[in-house]
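Structural description and commentary
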Amino acid sequence: MASMTLDSPLSDVTVSMWVQTTDTKRSGTPLSYAAASVSTTDGQSTVVDNALTINDCSGVHIYVNNEPLVTEVQVADGQWHHLAFTWSSGNSGEWTLYKDGKKQSNGINLRPNDVIPGGGNLIIGQEQDTVGGGFSPIETFTGNITRYFSNSNITRLCSLDDDIPGKVVSWPDFLQGVRGKVNVLHNERPM
Ligand SMILES: [Ca+2]
């Protein structure tokens, strides 16, 4: 896994990555973001462990502030696939999941007018039940992930010839936070 912290809260987000896996048995987790949410009324802090989580490549599950979204989008066939997810709080909680640059699943009312808290921990390859912890082996991602981005242009993100940075975080940001059984490959390209 590779982890880093995220500073700002998110009301609109696009995450994008290439994944390659054959794991259809477990809920392998390409991405999880967990953060503490502080109440504006009483100042109490609660952990939002699935503030933004993408897991189970045999039928992609997404969580925004712990609300689950189950799709039938499958990417666990051993081939490289591009996955991108967008969510907009202010726009009726509208969300879209793209596979290989094509819209596969979408809807509204996913935590509308809610904000994903900032100051949390973003992890590639593992699911969190606490901020930066609470890992379980069955939720470990097994396979390859590359070019993780947070940005907005799906077509450009899907193109490997366009080397664009993420607005929030991008792939090189994670290299400092690699832990566990991870091979970091350089100059590898999907397909
Ligand atoms: Ca969790």
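In what follows, the accompanying structure is described. (Residues numbered from 1 in each chain as written. Predicted model: local features only at pLDDT ≥ 70, side-chain atom pairs only at ≥ 80, totals over all residues.)

**Regarding the overall build of the protein**
In terms of helices and strands, the protein carries 1 helix and 11 strands. Sequence-ordered secondary structure for the protein, helices as α and strands as β, is β-β-β-β-β-β-β-β-β-β-β-α. Look at the contacts in the protein between residues 6 or more apart in sequence, and 62% of them connect residues 24 or more apart. (Helix = DSSP H or I, 4+ residues; strand = E, 2+ residues; numbered from the N terminus. Contact = placed C-beta atoms within 7 Å.)

**Things to note about unusual backbone geometry**
Phi angles above zero are rare outside glycine, and R111 is one such case at about 45°. Mapped onto the elements of the fold, R111 is located in the loop between β9 (102-107) and β10 (121-124). Positive phi, close to 60°, is recorded for N113, a residue that is not glycine. Structurally, the position occupied by N113 is in the loop between β9 and β10.

**As for the sheet that holds strand β3 (residues 31-38)**
As summarised here, the arrangement of the 6 strands in space is β1-β10-β3-β4-β5-β6, forming an open sheet in which the pairing is antiparallel. Looking along the sheet, the strands with just one partner apiece sit at the ends: β1 (2-5) and β6 (67-70). Looking at each pair of strands side by side, their axes are set apart by 20° on average, direction ignored. Two strands pair when backbone bridges link them, and β3 and strand β4 (residues 45-55) are joined in this way by 7 bridges, in the antiparallel orientation. Each residue of the ladder has a partner; that of Y33, found in β4, is L52. (Pairing = 2+ DSSP bridges. Axes fitted to C-alpha atoms, helices over the stretch in contact; angles between N-to-C directions.)

**Description of the environment of F141**
Along the chain, F141 turns up in the loop between β10 and β11 (144-150). In this structure F141 comes out as buried when scored by C-beta crowding, with 26 C-beta atoms within 10 Å. C-alpha of F141 to C-alpha of I124: the two residues are 17 residues apart in sequence and 8.4 Å apart in space. When residues no more than four places from it in sequence are discounted, the contact partners of F141 are T21, G28, T29, P30, G125 and Q126. (Buried ≥ 20, exposed ≤ 12 C-beta atoms within 10 Å, placed from the backbone.)

**Some points on the environment of N113**
Judged by C-beta crowding, with 10 C-beta atoms within 10 Å, N113 ranks as exposed. Beyond its immediate stretch of four places on either side in the chain, N113 contacts S89 and G90.

Interpretation note: all reported values are geometric properties and have no functional meaning in isolation.
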